[in-house]
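Commentary on secondary and tertiary structure
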Amino acid sequence: MKGELAKNICRYRKEKGLTQEELARKLGVTFQAVSKWETAQTLPDITLLPGLSQLLDISIDKLLGYVSYDKQITIYEEEYKTQEYYWGIVPSKMCLRVLELMPPTTRLKLLDIGCGEGKDAVFFARNGYDVTAFDISDAGIEKTKHLADNAGIQVKVFKADILDYRLDTNFDILFSSGVLHYVKPQLREEIFSNYKQFTNPNGLHIFNVFVNKPFIDPPPEKEPTACKWVSGELFTHYHDWLIQECSEVIFDCDSSGILHQHAMNKMIAQKCQCKRTQK
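Presented here is an overview of the structure given in this document. (Residues numbered from 1 in each chain as written. Predicted model: local features only at pLDDT ≥ 70, side-chain atom pairs only at ≥ 80, totals over all residues. Heavy atoms only, no water.)

1. A word on the pattern of salt bridges
- In the structure shown here, the tally under the stated rule is 14 salt bridges.
- As a salt-bridge pair, Lys145 and Glu142 come within 3.7 Å of each other at their nearest N and O atoms. Of the two residues, Lys145 and Glu142 are both situated in helix α8 (residues 138-151); the distance of three residues between them amounts to about one turn of the helix.
- Classification of Glu142 as partly exposed rests on a relative accessible area of 49%.
- With a closest N to O distance of 2.8 Å, Lys196 and Asp240 form a salt bridge. Separated by 44 residues along the polypeptide, Lys196 in helix α9 (residues 188-197) and Asp240 in the loop between α10 (233-236) and β6 (242-253) bring together distant segments of the chain.
- Its relative accessible area of 13% is what places Lys196 among the buried residues.
- Look at Asp240 and you get partly exposed, because its relative accessible area is 48%.
- Taken together, the shared-partner salt bridges in this structure form one network comprising Arg97, Glu100 and Glu245. (Salt bridge = Lys/Arg side-chain N within 4 Å of Asp/Glu carboxyl O. Helix = DSSP H or I, 4+ residues; strand = E, 2+ residues; numbered from the N terminus. Buried < 20%, exposed > 50% of the residue type's maximum accessible area, 1.4 Å probe, protein only.)

2. Side note on the packing of helix α6 (residues 93-101) against helix α7 (residues 119-126)
- In contact at an axis separation of 10 Å, α6 and α7 are set at 25 degrees when each is read in the N-to-C sense. It follows that α6 is roughly parallel to α7 by the angle criterion. Considering only the axes of α6 and α7, their crossing is right-handed. Contacts between α6 and α7 involve Cys95, Leu96, Val98 and Leu99 from the former and Asp120, Phe123 and Phe124 from the latter. (Axes fitted to C-alpha atoms, helices over the stretch in contact; angles between N-to-C directions. Parallel < 35°, antiparallel > 145°, perpendicular 65-115°, else oblique. Left-handed = near helix turned anticlockwise from the far one by under 90°. Contact = heavy atoms within 4.5 Å.)

3. Points about the environment of Pro104
- Of note, Pro104 is situated in the loop between α6 and β1 (109-113).
- Leave out the neighbours within four places in its chain, and Pro104 touches Leu99, Asn127, Gly128 and Tyr129.

4. Some thoughts on the side chain of Asp172
- Within the element layout of this structure, Asp172 appears in strand β4 (residues 171-176).
- Here the side chain of Asp172 touches Lys109 through a polar contact of 2.8 Å, landing on its backbone nitrogen.
- Here the side chain of Asp172 touches Asn200 through a polar contact of 3.0 Å, side chain to side chain.
- If near-sequence neighbours (up to four positions away) are discounted, Asp172 is found in contact with Met102, Arg107, Leu108, Lys109, Thr199, Asn200, Gly203 and Leu204. (Polar contact = N/O pair within 3.5 Å; in protein donor to acceptor, adjacent residues only side chain to side chain.)

5. Brief notes about the sheet that holds β6
- In spatial order, the strands read β3-β2-β1-β4-β5-β7-β6; together these seven strands make up an open sheet with mixed pairing. Here the strands that pair on one side only, and so sit at the sheet edges, are β3 (156-159) and β6. With strand direction ignored, the average angle separating the axes of adjacent strands in the sheet is 15 degrees.
- In terms of strand pairing, β6 meets strand β7 (residues 260-270) through 11 bridges, oriented antiparallel. Its bridge partner being in β7, Glu248 is matched across the sheet by Asn265.
- Strand contacts of α7: β1, β2 (130-135) and β4, with the helix running at about 170 degrees to β2, the strand carrying the most contacts. (Pairing = 2+ DSSP bridges.)

6. Here's the deal with the side chain of His262
- Assignment of secondary structure puts His262 in strand β7.
- Side-chain polar atoms of His262 contact the side chain of His260, separated by 3.1 Å.
- Sequence-distant contacts of His262, defined by excluding residues within four places in its chain, comprise Phe210, Ile216, Pro219, Val249, Ile250, Phe251 and Cys253.

7. Brief notes about the packing of aromatic side chains
- A complete count under the given rule lists 14 aromatic pairs for this structure.
- Both rings, one in Phe124 and one in Phe175, keep their centres 5.1 Å apart while their planes meet at 75 degrees; by these two values the pair is edge-to-face. Taken together, the positions of Phe124 in helix α7 and Phe175 in strand β4 put the pair 51 residues apart, joining distant regions of the chain. This pair shows no difference in class: Phe124 is buried, exactly as Phe175 is.
- Each member of the aromatic cluster is reached from another via a ring pair, and the members are Phe192, Tyr195, Phe207, Trp229, Tyr238 and Trp241. (Phe/Tyr/Trp six-rings, centres within 6.5 Å; stacked < 30°, edge-to-face > 60°.)

8. Considering helix α1 (residues 2-15)
- Taking 1.5 Å of rise per residue, the 14 residues of α1 would be expected to cover 20 Å, and the 20 Å separating its terminal C-alpha atoms lies within 8% of that figure.
- Buried within α1 we find Leu5, Ala6, Asn8, Ile9, Cys10, Arg11, Tyr12, Arg13 and Glu15.
- Of the residues one or two after α1, Gly17 is the one with positive phi, at around 75 degrees. (Expected span 1.5 Å × (residues − 1).)

9. Side note on the nonpolar core
- Formed by 33 residues in total, the largest nonpolar core has its most connected members in Ile162, Leu180, Tyr195, Phe207 and Leu234.
- Those elements that provide at least two residues to this core are β1, β4, α9, β5 (199-211), α10 and β7.
- Contact partners of Ile162, with chain neighbours within four places excluded, come to Ile113, Phe134, Val179, Leu180, Tyr182, Val183, Ile191 and Tyr195.
- Ranked by size, the runner-up nonpolar core spans 26 residues in total, among them Leu110, Ala121, Phe123 and Phe124. (Core = buried A, V, L, I, M, F, W, Y, C linked by side-chain atoms within 4.5 Å.)

Dropping the structure here:
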(Lines give C-alpha, C1' and ligand atoms only; values in the text may rest on other atoms or scores of the structure.)
Protein backbone atom coordinates (compact mmCIF):
# COMPACT_ATOMS: atom_id res chain seq x y z
CA MET A 1 0.00 0.00 0.00
CA LYS A 2 2.87 2.36 0.79
CA GLY A 3 4.17 2.31 -2.78
CA GLU A 4 0.68 2.63 -4.25
CA LEU A 5 -0.10 5.63 -2.03
CA ALA A 6 3.18 7.29 -3.02
CA LYS A 7 2.44 6.89 -6.73
CA ASN A 8 -1.11 8.14 -6.33
CA ILE A 9 -0.18 11.27 -4.39
CA CYS A 10 2.35 12.16 -7.09
CA ARG A 11 0.02 11.28 -9.98
CA TYR A 12 -3.05 13.14 -8.77
CA ARG A 13 -1.05 16.13 -7.51
CA LYS A 14 0.33 16.59 -11.01
CA GLU A 15 -3.14 16.05 -12.49
CA LYS A 16 -4.43 18.95 -10.37
CA GLY A 17 -1.49 21.09 -11.49
CA LEU A 18 -0.07 21.47 -7.99
CA THR A 19 3.61 21.62 -7.07
CA GLN A 20 4.87 19.85 -3.96
CA GLU A 21 5.23 23.25 -2.29
CA GLU A 22 1.64 24.25 -3.14
CA LEU A 23 0.20 20.97 -1.85
CA ALA A 24 2.31 21.22 1.30
CA ARG A 25 1.13 24.77 1.98
CA LYS A 26 -2.54 23.81 1.62
CA LEU A 27 -2.07 20.90 4.02
CA GLY A 28 0.03 22.84 6.50
CA VAL A 29 3.10 20.61 6.14
CA THR A 30 6.58 21.09 4.68
CA PHE A 31 7.32 20.36 1.02
CA GLN A 32 9.96 17.91 2.29
CA ALA A 33 7.13 15.91 3.87
CA VAL A 34 5.27 15.74 0.54
CA SER A 35 8.50 14.73 -1.20
CA LYS A 36 9.00 11.87 1.25
CA TRP A 37 5.40 10.72 0.74
CA GLU A 38 5.91 10.58 -3.03
CA THR A 39 9.14 8.61 -2.73
CA ALA A 40 7.55 6.20 -0.23
CA GLN A 41 10.01 7.14 2.51
CA THR A 42 7.19 8.02 4.90
CA LEU A 43 3.39 7.92 5.01
CA PRO A 44 1.13 10.93 5.62
CA ASP A 45 -0.52 11.07 9.02
CA ILE A 46 -3.95 9.45 8.94
CA THR A 47 -5.55 12.74 10.00
CA LEU A 48 -4.31 14.32 6.76
CA LEU A 49 -6.00 11.81 4.45
CA PRO A 50 -9.43 13.55 4.30
CA GLY A 51 -7.84 16.90 3.41
CA LEU A 52 -5.43 15.25 0.97
CA SER A 53 -8.21 13.39 -0.84
CA GLN A 54 -10.29 16.59 -1.01
CA LEU A 55 -7.40 18.60 -2.49
CA LEU A 56 -6.65 15.89 -5.04
CA ASP A 57 -10.37 15.43 -5.80
CA ILE A 58 -10.39 11.64 -5.30
CA SER A 59 -11.76 9.33 -2.63
CA ILE A 60 -9.56 8.06 0.17
CA ASP A 61 -10.08 4.52 -1.13
CA LYS A 62 -8.77 5.51 -4.56
CA LEU A 63 -5.89 7.41 -2.99
CA LEU A 64 -4.90 4.24 -1.12
CA GLY A 65 -5.22 2.14 -4.26
CA TYR A 66 -8.60 0.56 -3.58
CA VAL A 67 -10.57 1.57 -6.65
CA SER A 68 -14.33 1.29 -6.47
CA TYR A 69 -16.62 1.27 -9.49
CA ASP A 70 -19.93 2.02 -7.82
CA LYS A 71 -21.18 4.25 -10.61
CA GLN A 72 -21.20 3.76 -14.35
CA ILE A 73 -18.07 5.19 -15.92
CA THR A 74 -18.63 4.37 -19.58
CA ILE A 75 -21.73 5.22 -21.58
CA TYR A 76 -21.43 1.83 -23.30
CA GLU A 77 -22.09 -0.30 -20.20
CA GLU A 78 -25.81 -0.60 -20.98
CA GLU A 79 -25.19 -1.05 -24.72
CA TYR A 80 -22.88 -4.00 -24.02
CA LYS A 81 -25.54 -5.78 -21.93
CA THR A 82 -27.52 -6.73 -25.04
CA GLN A 83 -26.95 -10.06 -26.81
CA GLU A 84 -25.83 -8.30 -29.97
CA TYR A 85 -22.28 -7.00 -30.26
CA TYR A 86 -22.48 -3.20 -30.40
CA TRP A 87 -19.29 -2.92 -32.50
CA GLY A 88 -19.83 -6.23 -34.29
CA ILE A 89 -17.34 -9.12 -34.26
CA VAL A 90 -15.30 -8.20 -37.35
CA PRO A 91 -11.81 -7.14 -36.22
CA SER A 92 -10.40 -3.69 -36.93
CA LYS A 93 -8.38 -3.30 -40.11
CA MET A 94 -5.45 -2.30 -37.90
CA CYS A 95 -5.34 -5.91 -36.68
CA LEU A 96 -4.28 -7.06 -40.13
CA ARG A 97 -1.33 -4.66 -40.09
CA VAL A 98 -0.17 -6.26 -36.84
CA LEU A 99 -0.19 -9.66 -38.55
CA GLU A 100 1.79 -8.26 -41.47
CA LEU A 101 4.37 -6.37 -39.41
CA MET A 102 4.89 -8.79 -36.51
CA PRO A 103 3.43 -12.23 -37.21
CA PRO A 104 3.42 -14.62 -34.24
CA THR A 105 6.17 -16.91 -35.53
CA THR A 106 7.42 -16.90 -31.93
CA ARG A 107 5.48 -16.41 -28.70
CA LEU A 108 4.50 -12.73 -28.75
CA LYS A 109 2.72 -11.02 -25.86
CA LEU A 110 0.03 -8.54 -26.92
CA LEU A 111 -1.98 -6.13 -24.77
CA ASP A 112 -5.34 -4.81 -26.00
CA ILE A 113 -5.97 -1.53 -24.15
CA GLY A 114 -9.71 -0.91 -23.82
CA CYS A 115 -10.86 -4.10 -25.51
CA GLY A 116 -14.59 -3.28 -25.45
CA GLU A 117 -16.50 -6.44 -26.34
CA GLY A 118 -13.34 -8.28 -27.37
CA LYS A 119 -13.52 -8.57 -31.16
CA ASP A 120 -9.89 -7.51 -31.70
CA ALA A 121 -8.48 -9.34 -28.68
CA VAL A 122 -10.14 -12.60 -29.76
CA PHE A 123 -8.90 -12.14 -33.33
CA PHE A 124 -5.33 -11.82 -32.09
CA ALA A 125 -5.63 -14.87 -29.84
CA ARG A 126 -7.09 -16.95 -32.67
CA ASN A 127 -4.06 -16.07 -34.76
CA GLY A 128 -1.55 -17.25 -32.18
CA TYR A 129 -0.72 -14.22 -30.01
CA ASP A 130 -0.56 -14.45 -26.22
CA VAL A 131 -3.29 -11.89 -25.50
CA THR A 132 -4.01 -9.85 -22.40
CA ALA A 133 -6.85 -7.31 -22.50
CA PHE A 134 -8.61 -4.91 -20.17
CA ASP A 135 -11.65 -2.65 -20.20
CA ILE A 136 -13.65 -0.57 -17.73
CA SER A 137 -16.97 -2.20 -18.66
CA ASP A 138 -18.15 -5.30 -16.77
CA ALA A 139 -20.50 -6.20 -19.61
CA GLY A 140 -17.71 -5.77 -22.16
CA ILE A 141 -15.42 -8.08 -20.19
CA GLU A 142 -18.11 -10.76 -19.99
CA LYS A 143 -18.76 -10.53 -23.74
CA THR A 144 -15.02 -10.78 -24.40
CA LYS A 145 -14.87 -13.97 -22.32
CA HIS A 146 -17.93 -15.36 -24.10
CA LEU A 147 -16.49 -14.58 -27.54
CA ALA A 148 -13.19 -16.23 -26.58
CA ASP A 149 -14.94 -19.32 -25.22
CA ASN A 150 -16.94 -19.69 -28.43
CA ALA A 151 -13.71 -19.48 -30.42
CA GLY A 152 -12.02 -22.05 -28.19
CA ILE A 153 -9.14 -19.76 -27.29
CA GLN A 154 -7.85 -17.97 -24.19
CA VAL A 155 -7.72 -14.23 -23.56
CA LYS A 156 -6.52 -13.00 -20.18
CA VAL A 157 -9.05 -10.22 -19.62
CA PHE A 158 -9.58 -8.06 -16.56
CA LYS A 159 -11.27 -4.85 -15.44
CA ALA A 160 -9.23 -1.64 -15.22
CA ASP A 161 -9.50 2.08 -15.88
CA ILE A 162 -7.04 3.40 -18.47
CA LEU A 163 -6.45 6.44 -16.24
CA ASP A 164 -5.34 4.33 -13.27
CA TYR A 165 -3.79 1.19 -14.74
CA ARG A 166 -0.03 1.12 -15.30
CA LEU A 167 2.06 -1.66 -16.79
CA ASP A 168 4.54 -3.58 -14.63
CA THR A 169 5.39 -6.35 -17.09
CA ASN A 170 6.70 -6.26 -20.65
CA PHE A 171 4.78 -6.82 -23.88
CA ASP A 172 5.81 -7.13 -27.50
CA ILE A 173 2.76 -5.36 -28.90
CA LEU A 174 0.43 -2.74 -27.45
CA PHE A 175 -2.82 -2.23 -29.36
CA SER A 176 -5.62 0.24 -28.75
CA SER A 177 -8.48 1.32 -30.99
CA GLY A 178 -11.06 4.00 -30.18
CA VAL A 179 -10.06 4.40 -26.52
CA LEU A 180 -7.25 6.96 -26.13
CA HIS A 181 -9.61 9.95 -26.21
CA TYR A 182 -10.43 9.08 -22.59
CA VAL A 183 -6.87 9.87 -21.48
CA LYS A 184 -6.70 13.27 -19.79
CA PRO A 185 -4.10 15.70 -21.23
CA GLN A 186 -2.20 15.96 -17.94
CA LEU A 187 -1.76 12.16 -17.79
CA ARG A 188 -0.68 11.51 -21.38
CA GLU A 189 3.06 11.92 -20.96
CA GLU A 190 3.12 9.65 -17.91
CA ILE A 191 0.90 6.97 -19.43
CA PHE A 192 2.74 6.76 -22.75
CA SER A 193 6.10 6.77 -20.96
CA ASN A 194 4.90 3.78 -18.94
CA TYR A 195 3.70 1.98 -22.07
CA LYS A 196 7.01 2.61 -23.81
CA GLN A 197 9.06 1.51 -20.81
CA PHE A 198 7.35 -1.87 -20.64
CA THR A 199 7.62 -2.68 -24.34
CA ASN A 200 10.24 -5.17 -25.48
CA PRO A 201 12.96 -4.08 -27.95
CA ASN A 202 11.59 -3.93 -31.52
CA GLY A 203 8.07 -4.04 -30.11
CA LEU A 204 5.15 -2.21 -31.70
CA HIS A 205 2.50 0.24 -30.55
CA ILE A 206 -0.54 0.34 -32.82
CA PHE A 207 -2.86 3.13 -31.69
CA ASN A 208 -5.55 5.43 -33.00
CA VAL A 209 -7.24 8.43 -31.45
CA PHE A 210 -10.12 10.71 -32.39
CA VAL A 211 -9.03 14.29 -33.13
CA ASN A 212 -11.09 17.46 -33.20
CA LYS A 213 -11.72 19.30 -36.44
CA PRO A 214 -13.65 22.59 -36.64
CA PHE A 215 -15.48 21.46 -39.77
CA ILE A 216 -16.81 18.22 -38.19
CA ASP A 217 -19.73 18.35 -35.77
CA PRO A 218 -19.34 16.71 -32.35
CA PRO A 219 -20.52 13.07 -32.30
CA PRO A 220 -24.08 12.38 -31.10
CA GLU A 221 -22.86 10.20 -28.21
CA LYS A 222 -22.54 12.32 -25.10
CA GLU A 223 -19.30 11.18 -23.50
CA PRO A 224 -18.60 13.25 -20.38
CA THR A 225 -15.15 11.70 -19.84
CA ALA A 226 -13.85 12.16 -23.40
CA CYS A 227 -10.98 14.65 -23.84
CA LYS A 228 -9.84 16.64 -26.85
CA TRP A 229 -6.87 15.61 -28.99
CA VAL A 230 -5.40 17.65 -31.83
CA SER A 231 -3.93 16.41 -35.10
CA GLY A 232 -0.41 15.03 -34.69
CA GLU A 233 -0.44 15.10 -30.89
CA LEU A 234 -0.25 11.32 -30.59
CA PHE A 235 2.87 11.19 -32.77
CA THR A 236 4.78 13.63 -30.54
CA HIS A 237 4.86 11.06 -27.74
CA TYR A 238 6.89 8.80 -30.05
CA HIS A 239 9.54 11.21 -31.34
CA ASP A 240 12.21 8.81 -30.05
CA TRP A 241 10.70 5.73 -31.72
CA LEU A 242 10.52 4.74 -35.38
CA ILE A 243 7.09 5.84 -36.60
CA GLN A 244 6.39 3.30 -39.32
CA GLU A 245 2.99 4.66 -40.24
CA CYS A 246 1.03 7.79 -39.35
CA SER A 247 -2.09 9.01 -41.05
CA GLU A 248 -5.25 11.04 -40.57
CA VAL A 249 -8.59 9.86 -41.90
CA ILE A 250 -12.16 11.12 -41.86
CA PHE A 251 -14.84 8.45 -41.94
CA ASP A 252 -18.60 8.01 -41.62
CA CYS A 253 -20.03 6.27 -38.55
CA ASP A 254 -23.54 5.20 -37.55
CA SER A 255 -22.76 3.37 -34.31
CA SER A 256 -25.31 5.48 -32.42
CA GLY A 257 -27.97 5.05 -35.09
CA ILE A 258 -27.30 8.60 -36.28
CA LEU A 259 -24.98 9.04 -39.23
CA HIS A 260 -22.01 11.24 -38.30
CA GLN A 261 -18.31 11.67 -39.02
CA HIS A 262 -15.07 11.24 -37.10
CA ALA A 263 -11.53 12.42 -37.72
CA MET A 264 -8.90 9.99 -36.52
CA ASN A 265 -5.12 9.80 -36.29
CA LYS A 266 -3.60 6.33 -36.76
CA MET A 267 -0.07 5.40 -35.77
CA ILE A 268 2.26 2.41 -35.80
CA ALA A 269 5.51 3.00 -33.92
CA GLN A 270 8.42 0.65 -33.23
CA LYS A 271 10.84 0.61 -30.29
CA CYS A 272 14.21 0.40 -32.06
CA GLN A 273 17.38 -0.51 -30.19
CA CYS A 274 20.15 2.05 -30.17
CA LYS A 275 23.20 1.09 -32.23
CA ARG A 276 26.52 2.38 -30.97
CA THR A 277 29.22 2.97 -33.52
CA GLN A 278 32.65 1.61 -32.71
CA LYS A 279 35.66 3.85 -33.09
